[in-house]
Amino acid sequence: MSKDGKELLLGAVDFPASGFLGTQGPRRETFRIAIEPAALGVADGPGKLTLSVRDRSWRNWGHGNLTQVEKEVVVDTRPPVIEMFTQQNYLTLGGAGIAVYRLSEACPVSGVRVGATFYPGFSGYYTDRAVHIAFLAIAHDLPAGAPITLEATDAAGNASRVRFPHLLRRKAFKKDRLAISDGFIKQILPGLQHLVPASASGSLKESFLYINRDQRRIDYDAIIAAAQAIQPAMLWQGPFTRLPNAAPRAGFADRRSYVYEGVEIDQQDHMGVDLASLANSPVPAANAGVVAAAGFIGIYGQTVILDHGFGLFSMYSHLSQITAKPGDRLNKDEVLGYTGTTGLAGGDHLHFSILVHTTFVDPVEWWDPHWIRDNITLKLNAVAAPRAGR
Ligand SMILES: [Zn+2]
């Protein structure tokens, strides 16, 4: 390695000649060389690695033929420094938040870890590419005391981690009892029967359980798969639109117990808000975004998923009709479909969800102009850095 005018020999291997004329040797070798910059007295910064191989030819007065391969390297022993701008964070169980931070060097990975879930951060909101934003979610079932940290790892693998300062308000979610009758199952089954494997369709109850339990999991995976492609820009502005003139029918994270013939047969959490208006009501895009998915998603029926950028998504389910297609760029309040009863729905309503990456969060926060202002807008504006163009 050559570094700062010094030449350092990191390692050398000599292979004994073998074969009839002493001409055979290994064709392929793998070496692991641990380079300890401190022990070598090497400072951080650019340098050059040279691999030299000499054969046993008698040419060049017995010195053999020499081949050299050079590679530019950067010695980096310092972890990135994280400068956190968002110092006051009031978070609620089932809610969301934002972290704004500057990194001292480019990092392939940075973001917020909440318990076991990582919420990646992105640059691009500000012209200064070192300033990142990360939306984060406090899952409704996050264990008490779960740590929340801001993390960054540079290209050399040096990692930094700082505590994400916050106050977390825990809350209890509503409990709900749903009586499941044969009549209800017969009503929803025609649109979902094709999803139920023969082994699980022995009885109405079995079919229902498969749909409510196994299909729900399959559908979650499909939703998360659709939420992988992330627009690297903040496409939205201001509070999200709630379906107009709609009555709430079920809340976010309601713990539902399903009762069949007087016996509880299942429990599921309701990860959205049910809103009922007139049948076939037009459904407006809650905010500007790009359609990430539009089509049938199991128990959610005809569904649209809108990507609002940087990992924030809204989802519209049980639609009777979809009028948007994947890739469409929608303005706030642009109609994307009409309410209906597709999927696992007893009557005409909109199931509305907000997702932060892989976690469903309470839509109520995103409908609230005060929450948006205090928890998102003011935090983004507090950073004295010019914003990138939209
Ligand atoms: Zn629902």
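For clarity, every value in this text was computed on a predicted model and none was experimentally measured. (Residues numbered from 1 in each chain as written. Predicted model: local features only at pLDDT ≥ 70, side-chain atom pairs only at ≥ 80, totals over all residues. Heavy atoms only, no water.)

### Some words on the nonpolar core
Keep this limit in mind: Note on terminology: a nonpolar core comprises buried Ala, Val, Leu, Ile, Met, Phe, Trp, Tyr and Cys residues joined through side-chain atoms within 4.5 Å. For every residue, the accessible area (1.4 Å probe, protein chains only) is compared with the maximum for its type, and the residue is labelled buried under 20%, exposed over 50%, or partly exposed between those bounds. Domain delimitation in this document rests on an assignment produced automatically or drawn from a domain database. Every residue pair with non-hydrogen atoms within 4.5 Å of one another is taken to be in contact.
Counting 95 residues, the largest nonpolar core has Tyr316, Leu336 and Trp366 as the members making the most contacts within it. Lining this core are residues from two domains, each supplying at least three of them: domain 2 (82-171) and domain 3 (175-378). Sequence-distant contacts of tryptophan 366, defined by excluding residues within four places in its chain, comprise Ala96, Phe135, Trp236, Pro239, Phe240, Leu312, Ile354, Val361, Trp371, Ile372 and Ile376.

### Quick look at the coordination of the zinc ion
The cut-off we apply is this: The rule for donors is simple: N, O or S, within 2.8 Å of the metal, or within 3.2 Å if the metal is Na, K or Ca. Water isn't counted, so a site may look like it is missing partners.
Every protein donor of the zinc ion is listed here as His270 (NE2), Asp274 (OD) and His351 (ND1), and their distances to the metal cover 2.0 to 2.1 Å. Motif for the zinc ion, donor spacing along one chain: H-x3-D-x76-H. Assessed through its relative accessible area of 7%, aspartate 274 is described here as buried.

### Considerations on the environment of proline 244
Rules: Secondary structure elements follow DSSP: runs of H or I no shorter than four residues count as helices, runs of E no shorter than two count as strands, and numbering proceeds from the N terminus.
Considering the arrangement of structural elements, one finds proline 244 in the loop between α4 (204-226) and β16 (247-250). Overall, proline 244 belongs to the partly exposed group, its relative accessible area being 42%. Taking the C-alpha atoms as reference points, proline 244 and alanine 345, 101 residues apart in sequence, are found 20 Å from one another. Excluding residues within four positions of it along the chain, proline 244 makes contact with Ser277 and Pro284.

### Considerations on the sheet that holds strand β26 (residues 335-338)
Quick reminder of the rule: The pairing criterion for strands is at least two bridges between them, as found by DSSP.
Spatially, three strands are ordered β20-β26-β24 in an open sheet, and the strand pairing comes out antiparallel. With partners counted over all chains shown, the strands left at the sheet margins are β20 (282-284) and β24 (321-322), one partner each. Pairing between β20 and β26: three bridges, direction antiparallel. Note on β26: the bridge partner recorded for valine 283 is glycine 337.

### Details of the domain arrangement of the protein
Condition: A 1.4 Å probe defines the accessible area here, and the buried area is the portion of it lost by two parts on being joined, summed over both. Within this document, salt bridges are pairs made up of a side-chain nitrogen of Lys or Arg and a carboxyl oxygen of Asp or Glu, the two lying within 4 Å of each other. Pairs of N or O atoms are called polar contacts if they sit within 3.5 Å, as long as, within protein, a hydrogen donor faces a hydrogen acceptor (for residues adjacent in sequence, only side-chain-to-side-chain pairs). As a working rule, the residues Ala, Val, Leu, Ile, Met, Phe, Trp, Tyr, Cys and Pro are called nonpolar, Asp, Glu, Lys and Arg charged, and the rest polar, with Gly in that last group.
Along its sequence, the protein is carved into domain 1 (2-75), domain 2 (82-171) and domain 3 (175-378). A C-alpha centroid distance of 27 Å is found between domain 2 and domain 3. Between domain 2 and domain 3, the residue contacts involve 20 residues of the former and 20 residues of the latter. Both sides together, the interface formed by domain 2 and domain 3 hides about 1600 Å², and carbon and sulfur atoms give 70% of it. Counting the contacts that link domain 2 with domain 3 gives one salt bridge. In this structure, the salt-bridge partner of aspartate 362 is lysine 171, at a minimum N-O distance of 3.6 Å. Linking domain 2 with domain 3 are four residue pairs in polar contact (both at pLDDT 80 or more). Sorting the residues of the side of domain 2 that touches domain 3 by element identifies β6 (90-92), β7 (96-103), β9 (117-120), β10 (122-123) and β11 (131-137) as the ones contributing at least two each. Take the side of domain 2 that touches domain 3: its biggest share by element is four residues, from β11. Class assignment for the residues of the side of domain 2 that touches domain 3 results in 12 nonpolar, seven polar and one charged.

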